[in-house]
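# Summary of structural features
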Amino acid sequence: MRNERHDEPLSKAEWELFLQYLHRFANHDVDQFANMQVGYPEYPVYVSFSRQPEAGVDVEEVYLRQ
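Parameters and conventions
- Residues numbered from 1 in each chain as written.
- Predicted model: local features only at pLDDT ≥ 70, side-chain atom pairs only at ≥ 80, totals over all residues.
- Heavy atoms only, no water.
- Helix = DSSP H or I, 4+ residues; strand = E, 2+ residues; numbered from the N terminus.
- Rg over C-alpha atoms; globule rule 2.2 N^0.38 Å.
- Buried < 20%, exposed > 50% of the residue type's maximum accessible area, 1.4 Å probe, protein only.
- Contact = heavy atoms within 4.5 Å.
- Areas by Shrake-Rupley, 256 points an atom, 1.4 Å probe, with all protein chains shown as cover.
- Pairing = 2+ DSSP bridges.
- Phe/Tyr/Trp six-rings, centres within 6.5 Å; stacked < 30°, edge-to-face > 60°.
- Patch = residues over 30% accessible without salt bridge, like charges linked within 9 Å, V, L, I, M, F, W, Y side chains within 5 Å.
- Salt bridge = Lys/Arg side-chain N within 4 Å of Asp/Glu carboxyl O.

## Some details on the overall build of the protein chain
Across its full length, the protein chain holds one helix and two strands. Mapped in sequence order, the helices and strands of the protein chain form the string α-β-β. Expected size for 66 residues packed as a compact globule is a radius of gyration near 11 Å; at 14 Å, the protein chain overshoots this value by more than 25%. A total of 66 residues make up the protein chain; the buried ones form 8% of that total. If you take every contact in the protein chain between residues at least 6 apart in sequence, the share linking residues at least 24 apart comes to 26%. Element-wise, carbon and sulfur atoms account for 54% of the exposed surface of the protein chain, whose accessible area totals about 6,600 Å².

## Some points on the pairing of strand S2 (residues 45–50)
The pairing of strand S1 (residues 33–38) with S2 spans six bridges and is classified as antiparallel. For Phe 33, the partnering residue across the bridge sits in S2 and is Ser 50.

## Focus on the environment of Tyr 46
Relative to the helices and strands, Tyr 46 is located in strand S2. For Tyr 46, a relative accessible area of 60% gives the class exposed. Between the C-alpha atom of Tyr 46 and that of Asn 35, which follows or precedes it by 11 residues, the distance is 7.4 Å. In this structure, Tyr 46 is in contact with Met 36 and Gln 37, ignoring residues within four places of it in sequence.

## With respect to the packing of aromatic side chains
Taken as a whole, this structure holds two aromatic pairs when the rule is applied. For the pair Phe 25 and Phe 49, a centre-to-centre distance of 5.2 Å together with 70° between the ring planes defines the contact as edge-to-face. One end of the pair, Phe 25, is in helix H1 (residues 12–28); the other, Phe 49, is in strand S2, with 24 residues separating them in the sequence.

## Let's talk about a nonpolar patch on the surface
A cluster of nonpolar side chains, contributed by Leu 10, Trp 15, Phe 18 and Tyr 63, occupies part of the molecular surface with about 460 Å² of accessible area. Relative to the elements of secondary structure, Leu 10 occurs in the segment before H1. Judged by its relative accessible area of 48%, Leu 10 is partly exposed.

## Topic: the environment of Gly 39
With respect to the helices and strands, Gly 39 occurs in the loop between S1 and S2. We classify Gly 39 as exposed; its relative accessible area is 61%. Distance from Gly 39 to His 6, taken between C-alpha atoms, is 8.5 Å for residues 33 residues apart in sequence.

Given below as structure tokens:
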């Protein structure tokens, strides 16, 4: 990535931009699903985007909302 500040949390402004980009990505780039591996190679984070919630997920309890 171009920004090398990976060891810092997002600022409030960065978090808002991230959410805006995330919504845009979900609306325009996710057809059925998208799977990614991000983070440090030693400690990867696996991220899945889909149009359906995972089995057993209560959509009323989902963390991020617009």
